[in-house]
Amino acid sequence: MSDLPARLAVRKTYKLYIGGAFPRSESGRSYVVTDQKGEFLANAAMASRKDARDAVVAARKAFAGWSAATAYNRGQVLYRVAELLEGRHAQFAAEVRSAEGLGARQAEAVVDAAIDRWVWYAGWADKIAQVRGTANPVAGPYFNFSVPEPAGVAAVIAPGASSLLGFVSVVAPAVVTGNTVVALASERGPLPAVSLTEVLATSDVPGGVINVLTGRTAEVAPWLASHMDVNAIDLTGAPAEVAADLAAAAAENLKRVLRPADDDWTQPPGLTRLLAYLETKTVWHPVGT
Amino acid sequence: MPKFEYAPAPESRAIVSIKESYGLFIDGQFTPSADGRAFKTISPATEEVLAEVAEAGPADVDRAVTAARTAYERTWSVLPPKERGKYLFRIARIIQERARELAVLESLDNGKPIRESRDVDLPLVAAHFFYHAGWADKLEYAGYGPAPKPLGVAGQVIPWNFPLLMLAWKIAPALACGNTVVLKPAETTPLTALTFAEICQQADLPPGVVNILTGAGDTGRALVTHPGVDKVAFTGSTEVGKEIARDCARDPRKKVTLELGGKAANVVFEDAPVDQAVEGIVNGIFFNQGHVCCAGSRLLVQESVYDQVLASLQRRLATLRLGDPLDKNTDVGAINSAAQLAKIRELSEAGEAEGAQRWSPPCELPVKGFWFPPTVFTGVSQAHRIAREEIFGPVLSVLTFRTPAEAVEKANNTPYGLSAGVWTDKGSRILWMAARLRAGVVWANTFNKFDPSSPFGGYKESGYGREGGRHGLEAYLDV
């Protein structure tokens, strides 16, 4: 009897996050997630094609409301996510530590950076239009202006190695400008991303704005890349050998494609990712009495 | 209404001297194609052969890309930006000096009315070079970082609907940002691009900075897939655009911008000033024979004013003059090619077969050449091919709506998203509509307006990237 703990821990079931709900994979499948030493951590849901398609439907449904919310409102909603992340700092540090095999202080620094990154992007909500928009001096009696608008539904293949900071760094720039997202978490270390969905569910982010899938990247990514109702795709976490195929599949409906780059998630991200999900709309109107 | 008779008022062809044959423009010189192949370009209004033009093969593409690379490395990218700008100013001035000649040549080769080539195309061509000339030494203020770098060699493929204007949209920003270019004009309209090559010579532009390769689809494919090309810019059909996107997926280094098809909705509300709206509808679909990617090819009219708008539209269409593109009175010119005419006919027949009602004003078509009368389809449903597919001709499909929400729903019910129009007297409704129409350009109480400072480009399957304005520079900078 002395081998048994005094109290048995209650473990968490790691599920998908689609349309604000936490379903298991409709396929009934799961896969084993281990830490860097190969010790069992949890069984994560193994998303199927159907789950990916359900997530796109949820994201499309949420797009009208989220993109029409005021930029100030989106900024506040996302800032509140950072507040909740801060409250769960210790939990995320522990999960990042097991997922990435970091030391305690390193893991804490990663969580700090992830929260700060989220705050940084939240602040862009009501500023990007001023940086990206223009009034255009056309040669004629017209008022002409250009404003950025979200591209629509974005599929995001999150980086494999950086389970939380990387995930936040690819999801936040898409949602802050009004896109809705279907994110495929790191296959190797999905648990911090799943815990993040629990934060999202208890924040003010409307269901469907951020949907998170876990599973095999090579299985799910092609369904997202070829989906005709996805407007943009970030291939950051796609294995190099399949990235070209995914980009070619994305050409079928001319998705905006963000190609893998050597991202250092600890560096200031710049505007590249924000701009990748933005269209420019130009409006003309005559001037006269 | 009395119909005015117009005496012919032809613009003189004497201002243009067309050579019998033209070579490829590579490294500052005109040269024959490596395999000696050539094709003929004709006037679509008369089917008269205008000239023979070299057809570039893979070896020529290779030579041109190499020339552009050498010019990029040795000359253009090391030239002080203000000097680069001065070359562009010089080109802009020569275009103005030779504007009438270029306009006549454009109308001959393309079939568009001289009134449009003279008053729309050419002024915009010169304006594009002037606008971008000024950016050359100010790029650090464009919002792309303190020292934005060019990409290298740009491979550019342009369509036949605005031959010289599309050349300007491609070459002016590429050069201003410090890139060199290899450009392929459309096979039916190569002549103004070849005259532009002469203008580059007159401007003493360093050899290899601009290379012009004439040819058809194979030449274009060889150019955009060439490994020495760092940047691909294409304007044309969505079908070819997707093919290019697929090809370039293999090479993540290549930056691609695509300006593709459209099926724009032109939405007329009951409070719109009808006469102005009708002018806008006519300009929206019959400008340039409807060979316009952003043409307002779907007219959405609020039910309460449908009869009034349609009657007024038909009355106005009866006054359009179709015929000789070089006649200064002509409103509607020739269809650009036999192939395009066949496509317009096929889709129009499908419109009838699917149950829409076809109407054209009484309109005599010339015997020779390629012609199609202004055509309006009523009783069109959203499922009809003529409401879904890009016709790229003078064919308007009319649909109706009751509420603003229904108008938005119908306007956005297309895989395209290039442009849209709104006609209403109510300011708040204009802004409400403009925010909801999923299109890159929204014209409110106007249509088909263009300017070098105004970003142009599409949402969804109308392509990606913008041309014009501060936004357009991004396509030619390594950012």
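Residues numbered from 1 in each chain as written. Chains lettered and ligands numbered in written order. Predicted model: local features only at pLDDT ≥ 70, side-chain atom pairs only at ≥ 80, totals over all residues.

Participant: So what about the overall build of chain B? Which residues, and what values?
Facilitator: For chain B, the count of helices and strands is 15 helices and 18 strands. Against the compact-globule benchmark of 23 Å for 479 residues, chain B has a radius of gyration of 22 Å, which places it among compact chains. Within chain B, buried positions represent 58% of all 479 residues. Considering only contacts in chain B between residues 6 or more positions apart, those separated by 24 or more positions represent 73%. (Helix = DSSP H or I, 4+ residues; strand = E, 2+ residues; numbered from the N terminus. Rg over C-alpha atoms; globule rule 2.2 N^0.38 Å. Buried ≥ 20, exposed ≤ 12 C-beta atoms within 10 Å, placed from the backbone. Contact = placed C-beta atoms within 7 Å.)

Participant: Account for the interface of chain A and chain B, with residues named and values stated.
Facilitator: Contact with chain A, which involves 26 residues of that partner, is made by 34 residues of chain B. Elements with a contribution of two residues or more to the side of chain A that touches chain B: strand E4 (142–150), helix H9 (240–250) and strand E10 (278–286) of chain A. The element that contributes the greatest number of residues to the side of chain A that touches chain B is E10(A), accounting for eight residues.

Participant: Can you explain the pairing of E10(A)? Please cite residues and give values.
Facilitator: With eight of nine residues buried, E10(A) lies mostly within the body of the structure. Bridge count for E4(A) against E10(A) is nine bridges, and the pairing is antiparallel. Each bridged residue has a counterpart across the sheet, and for Pro148(A) the counterpart in E10(A) is Thr280(A). The pairing of E10(A) with strand E17 (residues 441–444) of chain B spans three bridges and is classified as parallel. The partner of Trp284(A) across the bridge, within E17(B), is Trp443(B). (Pairing = 2+ DSSP bridges.)

Participant: Break down the domain arrangement of chain B for me, citing the residues and quoting the values.
Facilitator: Residues and elements named next belong to chain B. In terms of domains, chain B is made up of domain 1 (13–260 + 459–476) and domain 2 (265–444). For domain 1 versus domain 2, the separation of C-alpha centres amounts to 30 Å. The interface of domain 1 with domain 2 comprises 22 residues on the first partner and 25 residues on the second. If you list the elements that add at least two residues to the side of domain 1 that touches domain 2, you get helix H3 (99–110) and helix H4 (114–135). The class makeup of the residues in the side of domain 1 that touches domain 2 is seven nonpolar, seven polar and eight charged. (Domains from an automatic or database assignment. Nonpolar A, V, L, I, M, F, W, Y, C, P; charged D, E, K, R; others polar.)

Participant: An account of the pairing of strand E15 (residues 395–401) of chain B is requested, with residue identities and associated values reported.
Facilitator: All names here are of chain B. In terms of residue burial, E15 counts as a mostly covered element, since seven of its seven residues are buried. Residues Val 395, Ser 397, Leu 399 and Phe 401 point to one face of E15 and Leu 396, Val 398 and Thr 400 to the other, with burial holding for every one of them. In this structure, strand E12 (residues 298–302) lies alongside E15, joined through five bridges in parallel fashion. Bridge pairing in E15 links Leu 299 to Val 398. With three bridges connecting them, strand E14 (residues 375–378) and E15 associate as parallel partners. Counted as the bridge partner of Val 376 is Leu 396 from E15.

Participant: With reference to specific residues and values, describe unusual backbone geometry.
Facilitator: The phi dihedral of Leu254(A) is positive, around 55°, even though this residue is not glycine. Within the element layout of this structure, Leu254(A) appears in the loop between H9 and strand E9 (256–258). Classification of Leu254(A) by C-beta neighbours within 10 Å gives buried; the count is 22. Despite not being glycine, Asp204(B) shows a phi value in the positive range, around 60°. Tracing the chain through its elements places Asp204(B) in the loop between helix H6 (191–202) and strand E8 (210–212). Residue classification places Asp204(B) among the exposed residues on the basis of 10 C-beta atoms within 10 Å.

Participant: Could you give an account of helix H7 (residues 191–202) of chain A, naming the residues involved and the relevant values?
Facilitator: With 12 residues, H7(A) extends 17 Å between its outermost C-alpha atoms, agreeing within 8% with the 16 Å of an ideal straight helix rising 1.5 Å per residue. The inward-facing, buried residues of H7(A) abut strand E1 (30–34), strand E2 (40–45), helix H2 (71–87), helix H3 (89–100), helix H6 (165–175) and strand E7 (210–213) of chain A. (Expected span 1.5 Å × (residues − 1).)

Participant: I'd love a proper account of the packing of helix H2 (residues 81–97) of chain B against H4(B), names of residues and values included.
Facilitator: Residues and elements named next belong to chain B. Relative orientation of the contacting elements H2 and H4 amounts to 165°, with a least axis distance of 8 Å. With respect to each other, H2 and H4 are oriented roughly antiparallel. At the point where H2 passes H4, the crossing takes the left-handed sense. The residues of H4 that touch H2, namely those facing Gly 85, Leu 88, Phe 89, Ile 91, Ala 92, Ile 95 and Gln 96, are Val 125, Ala 126, Phe 129, Phe 130, His 132, Ala 133 and Gly 134. For the contact of H2 with H4, the class distribution of residues is 10 nonpolar, four polar and no charged. (Axes fitted to C-alpha atoms, helices over the stretch in contact; angles between N-to-C directions. Parallel < 35°, antiparallel > 145°, perpendicular 65-115°, else oblique. Left-handed = near helix turned anticlockwise from the far one by under 90°.)

Participant: How would you sum up the sheet that holds E15(B)? Please name residues and give values.
Facilitator: Spatial ordering of the open sheet is given by E3(A)-E4(A)-E10(A)-E17(B)-E16(B)-E11(B)-E12(B)-E15(B)-E14(B)-E13(B), a layout of 10 strands whose pairing is mixed. Looking at the sheet topology across the chains shown, the edges are occupied by strand E3 (134–135) of chain A together with strand E13 (357–359) of chain B. Note that E3(A) and E4(A) share two bridges and pair antiparallel. In the strand pairing of E4(A), Ala135(A) is matched with Phe145(A). Sheet contacts for helix H9 (residues 274–286) of chain B: strand E11 (265–268), E12, E15 and strand E16 (419–423) of chain B; angle to E16(B), the most-contacted strand, approximately 165°.

Participant: Describe in detail the environment of Ala125(A), supporting the description with residues and values.
Facilitator: Residue and element names in this part refer to chain A. Within the secondary structure layout, Ala 125 lies in the loop between helix H4 (104–124) and helix H5 (128–132). Considered as a pair, Ala 125 and Pro 173 are 48 residues apart in the sequence and their alpha carbons are 9.3 Å apart. In this structure, Ala 125 is in contact with Ala 71, Arg 74, Gly 75, Leu 78 and Val 176, ignoring residues within four places of it in sequence.

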